[in-house]
Structure formats: structure tokens, C-alpha cells
Amino acid sequence: MAKRVTSRRVKIHRQYTYDQAATALEVSLQTVRGWRKEGLPVLTSKIPHLIIGAELKAFLDRRTIKSKLTLSLEQFRCMRCGGPVAAYGGMVDYIPLTPTRGVLSTLCATCEGACTKFASRAQVDDLSQILSVTICNSR
Ligand SMILES: [Zn+2]
């Protein structure tokens, strides 16, 4: 698994050369160059090329969010905790929106905050093998 890079080390009012960004974030120069190919904005009007701290932070945060969205079927993303969490008490409600798709709704096992995610009806059938799923009436 790729090493997680924390954007907290980035100072948003600073500008970084590739070298400085690599040092600040403890990653290789190759990694920083790779980010540019992935869409990190870089100021190329001067040499050395500069990365704006605020852009770097936003870029890293977007990447983190993307990786957090990869949840297994029984996991939810809690807006409060931020990370993948389990369903409180193993209980989940399914609210159908269409005959094939709907929303899964549960409480976070960690903080009891509300968590929802979209799911297909087929996923719900799989999920009901693992968790206690209540099928609600469509609204
Ligand atoms: Zn939570």
C-alpha cells in the first residue's frame, strides 16, 4: 500500500521547489514529479518550477478523499470521523430510490453520527448476509 502523505506539513502561504516539497513531505523527488502528472498545478514561468503551498495542500487532500472512498461493502464513510467505519450495532437501513438502486443509512459505530452511501439492490442482498439490513419503503 502506498505511504500516506499528510497535507498538514504543507504551509499554504509558501512556495516549494520539487526538492523542498519532497523534503517537507518526506517523499521522493519522483513522487512529487508524479503528482504533477496527476494534475498538481506547478508554476513553470520561472526556473526552478514552483508549487504553491495552497495548491499542494488541496491536491493532497483531494487524493486522500479519493482513497478513503474505496470502502468495502460493510464499511461507511463517517463525515464526522472521516474514515471508513462500521455500522452501529451491525444495523443498516436500505431506502430504495429506484427498483435497482437506493441509499444505505446507518449510524457510525465510533461516534454514532449519520452515515449514508449509495448501493445497488444486488449489493444490499450481499450485505444482508453480513449485517442486519432493514428494507424501508421507498419515499
Ligand atoms: Zn463517526
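Residues numbered from 1 in each chain as written. Predicted model: local features only at pLDDT ≥ 70, side-chain atom pairs only at ≥ 80, totals over all residues. Heavy atoms only, no water.

(A) Focus on the coordination of the zinc ion. Within the first shell, the zinc ion binds the protein through Cys78 (SG), Cys81 (SG), Cys108 (SG) and Cys111 (SG), at distances of 2.2 to 2.3 Å. Geometry at the zinc ion is tetrahedral, judged from its 4 donor atoms and the angles of 106 to 112° they form at the metal. Counting gaps between the donor residues of the zinc ion yields the pattern C-x2-C-x26-C-x2-C. Here Cys108 lies in the loop between strand S6 (101-107) and strand S7 (114-120) and Cys78 lies in the loop between strand S3 (75-77) and strand S4 (84-86), a separation of 30 residues in the sequence. Side by side, Cys78 and Cys108 carry an identical accessibility label, which is buried. (Donors = N, O, S within 2.8 Å, 3.2 Å for Na, K, Ca; no water. Tetrahedral: all angles 85-135°; square planar, octahedral: opposite > 155°, others 65-115°. Helix = DSSP H or I, 4+ residues; strand = E, 2+ residues; numbered from the N terminus. Buried < 20%, exposed > 50% of the residue type's maximum accessible area, 1.4 Å probe, protein only.)

(B) Structural context of the sheet that holds strand S5 (residues 91-96). Taking strand neighbours across the sheet as the criterion, the 4 strands line up as S7-S6-S5-S8 in an open arrangement whose pairing is mixed. A strand with exactly one partner marks an edge of an open sheet, and here the two such strands are S7 and strand S8 (132-135). Strand after strand, the sheet turns through a mean of 30° between neighbouring axes, direction not considered. Strand direction decides the pairing type here: S5 and S6, joined by 4 bridges, are antiparallel. Considered in S6, the bridge of Pro96 is made with Gly102. (Pairing = 2+ DSSP bridges. Axes fitted to C-alpha atoms, helices over the stretch in contact; angles between N-to-C directions.)

(C) Local environment of the packing of helix H1 (residues 18-25) against helix H2 (residues 29-37). Contact geometry of H1 with H2 gives a least axis separation of 8 Å together with a crossing angle of 115°. As far as their axial angle goes, H2 and H1 are roughly perpendicular. The way H1 lies across H2 gives a crossing that is right-handed. Of the residues in H2, those in contact with Tyr18, Asp19, Ala21, Ala22 and Leu25 of H1 are Leu29, Val32, Arg33, Trp35 and Arg36. For the contact of H1 with H2, the class distribution of residues is 7 nonpolar, no polar and 3 charged. (Parallel < 35°, antiparallel > 145°, perpendicular 65-115°, else oblique. Left-handed = near helix turned anticlockwise from the far one by under 90°. Contact = heavy atoms within 4.5 Å. Nonpolar A, V, L, I, M, F, W, Y, C, P; charged D, E, K, R; others polar.)

(D) Molecular detail of the pairing of S7. Inspection of the sheet shows S6 paired to S7 by 7 bridges, in the antiparallel sense. Looking at the pairing, Thr106 lines up with Cys115 of S7. Counted between consecutive antiparallel strands, the loop separating S6 from S7 contains 6 residues, among which Glu112 sits at a positive phi close to 65°.

(E) Structural context of H1. By the burial criterion, the buried members of H1 are Tyr18, Ala21, Ala22 and Leu25. When H1 is viewed along its axis, its buried side chains cluster within an angular range of 100° and face the same direction. Backbone geometry just after H1 places Glu26 at a positive phi near 55°. (Arc of directions from axis to C-beta.)

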